[in-house]
Amino acid sequence: MNSILKVKNLKKSYQDKVIFEKISFDLHENQIISILGPSGIGKTTLLNVISGIDKEFDGSINLNSKIHHAKENFAFSQSKDLLIPWKNVIDNAVFSLELSGVKKEKSYPVAKKLMSDFFLKGSEFKYPHQLSKGMKQRVSLIRSFLTGRPILLLDEPFSPLDSITRDDLQDWLIDILKKHNKSVVLVTHDIDEALKISNKLIILNGEPAKIVDEIDINKKTNHKELKVKIRSLLKRNE
């Protein structure tokens, strides 16, 4: 399996405080890595660094053996859907392409083809206030898919949702990622979500945050035993 992203020895400081250090991992093609860690430890900051939003860091980020500082390799989807209230579903979906200079006569047909996959067919001309929270998240995700970027960075994409909707969307996300051959780095606080979606877990803890364990997930993984181990790894030192 080919490595498409290599993160090596990342360190991030803010006002003389080290947020995280010694962060190294590889992301392979079609792999889903979940990053787990206590609240406030720097998980979102880590995604900001990887995506190129935050360029003040030490260490290296390499894509296909090329040093990366360009955002165009990543599609970033956050817990807040960030939909534009006066734009309908399809216009919100193609908004990133519009910013890149792609005309609607080219972006609309591509977006319409994805509407069924994202369970949004028939809702193309609804506005955000007419959508459920789950639908809003799917619109946000389709916008990320339409960029065509090889790596998705997902920052707690289902945290605003109720448990039933979240569970349904997790199942849907697994299917959609397989169908569209995406590689993913997912930040989540939900152990069950990480175990369900991911091929690999990266556990962060400490001050400054470091990787305290990397765990490969497969069909033979005993989730019950592993959850006990993960909870222990996530405990903060008093």
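As shown above, the structure is provided for reference.
Residues numbered from 1 in each chain as written. Predicted model: local features only at pLDDT ≥ 70, side-chain atom pairs only at ≥ 80, totals over all residues. Heavy atoms only, no water.

A.B. asks: Please explain the nonpolar core as it appears in this structure.
C.D. replies: One recurring pattern in soluble globular proteins is that nonpolar side chains are buried together. Ranked by internal contacts, the top residues of the largest apolar core, which has 34 residues, are Met115, Phe118, Leu146, Leu173 and Leu177. In this view, leucine 146 contacts Ala93, Val94, Leu97, Val110, Ala111 and Leu114; residues no more than four positions away in its chain are not counted. In terms of nonpolar packing, the next biggest core, distinct from the first, is built from 26 residues, Val7, Phe20, Phe74 and Ile202 among them. (Core = buried A, V, L, I, M, F, W, Y, C linked by side-chain atoms within 4.5 Å. Buried < 20%, exposed > 50% of the residue type's maximum accessible area, 1.4 Å probe, protein only. Contact = heavy atoms within 4.5 Å.)

A.B. asks: Sorry, what's going on with the side chain of aspartate 213 here?
C.D. replies: Position of aspartate 213 among the secondary structure elements: in strand β10 (residues 210-216). Residue class for aspartate 213 comes out buried when judged on its relative accessible area of 19%. Side chain to side chain, aspartate 213 and lysine 229 meet in a polar contact 3.1 Å long. Those residues in contact with aspartate 213 that sit more than four places away from it in its chain are Leu201, Ile202, Ile203, Lys229 and Leu233. (Helix = DSSP H or I, 4+ residues; strand = E, 2+ residues; numbered from the N terminus. Polar contact = N/O pair within 3.5 Å; in protein donor to acceptor, adjacent residues only side chain to side chain.)

A.B. asks: What exactly am I supposed to notice about helix α4 (residues 104-115) here?
C.D. replies: Residue pairs three or four apart in sequence face the same way in an α-helix, which turns once every 3.6 residues. When the terminal C-alpha atoms of α4 are compared, their 16 Å separation across twelve residues agrees well with the 16 Å that a helix rising 1.5 Å per residue should span. If you check which residues of α4 are buried, you get Ser107, Tyr108, Ala111, Leu114 and Met115. Summarising the axial view, the buried residues of α4 lie within an arc of 130 degrees, below the 170-degree limit, and thus occupy one face. Among the exposed residues of α4, those pointing more than 90 degrees away from its buried face are Glu105, Lys106 and Lys113. (Expected span 1.5 Å × (residues − 1). Arc of directions from axis to C-beta.)

A.B. asks: I'm lost on empty space enclosed by the protein in this one. Help?
C.D. replies: Using a probe with the size of a water molecule, rolled over the atoms, empty space left in the structure can be pinpointed. Following the criterion strictly, the structure yields one cavity of 30 Å³ or more and no others. Roughly 50 Å³ of internal volume is contained in the largest cavity. Around the largest cavity, the lining residues are Glu156, Phe158, Ser159, Arg166, Thr188, His189, Asp190 and Glu193. Each residue belonging to the lining of the largest cavity can be placed in one class, and the counts come to one nonpolar, three polar and four charged. (1 Å grid on protein atoms, 1.4 Å probe; cavity = no way out; pocket = protein on both sides within 12 Å on 5 of 7 lines; lining within 4 Å. Points joined across faces, edges and corners; volume = space filled by probe spheres on them. Nonpolar A, V, L, I, M, F, W, Y, C, P; charged D, E, K, R; others polar.)

A.B. asks: Looking at this structure, how should I read the layout of surface pockets?
C.D. replies: In this structure, the largest pocket encloses a volume near 480 Å³. Contributions of two or more residues to the lining of the largest pocket are made by β6 (74-77), α3 (95-99) and α5 (133-146). Among the elements that make up the lining of the largest pocket, the one with the highest residue count is β6 (four residues). Its residues assigned to classes, the lining of the largest pocket shows eight nonpolar, eight polar and five charged.

A.B. asks: It is not clear to me how the sheet that holds strand β9 (residues 200-205) should be interpreted in this structure. Could you clarify?
C.D. replies: Backbone hydrogen bonds hold the strands of a sheet together, and the pairing may be parallel or antiparallel. In spatial order, the strands read β6-β7-β8-β3-β9-β10; together these six strands make up an open sheet with mixed pairing. Looking at strand neighbours, the two that pair on one side only are β6 and β10, the edges of this open sheet. For this sheet, the mean inter-axis angle between neighbouring strands, taken without regard to orientation, is 15 degrees. The sheet contact formed by strand β7 (residues 151-155) and strand β8 (residues 183-187) spans five bridges and is parallel. Residue pairing for β8: isoleucine 151 is matched across the bridge by serine 183. Contacting β6 and β7, α5 runs over the sheet at an angle of about 175 degrees to β6. Relative to β9, helix α8 (residues 223-234) is tilted by about 30 degrees, and along the sheet it contacts β3 (32-36), β9 and β10. (Pairing = 2+ DSSP bridges. Axes fitted to C-alpha atoms, helices over the stretch in contact; angles between N-to-C directions.)

A.B. asks: So what exactly am I meant to see when it comes to unusual backbone geometry here?
C.D. replies: Residues other than glycine predominantly adopt negative phi, and peptide bonds predominantly adopt the trans conformation. Omega for the bond connecting glutamate 207 with proline 208 falls within 30 degrees of zero, at -5 degrees, which places this linkage in the cis form. Positionally, proline 208 belongs in the loop between β9 and β10. With a phi close to 55 degrees, asparagine 9 is a non-glycine residue in the positive phi region. Within the secondary structure, asparagine 9 is located in strand β1 (residues 3-14). Here lysine 22, not a glycine, exhibits a phi torsion of approximately 55 degrees, which is positive. With respect to the helices and strands, lysine 22 occurs in strand β2 (residues 17-28).

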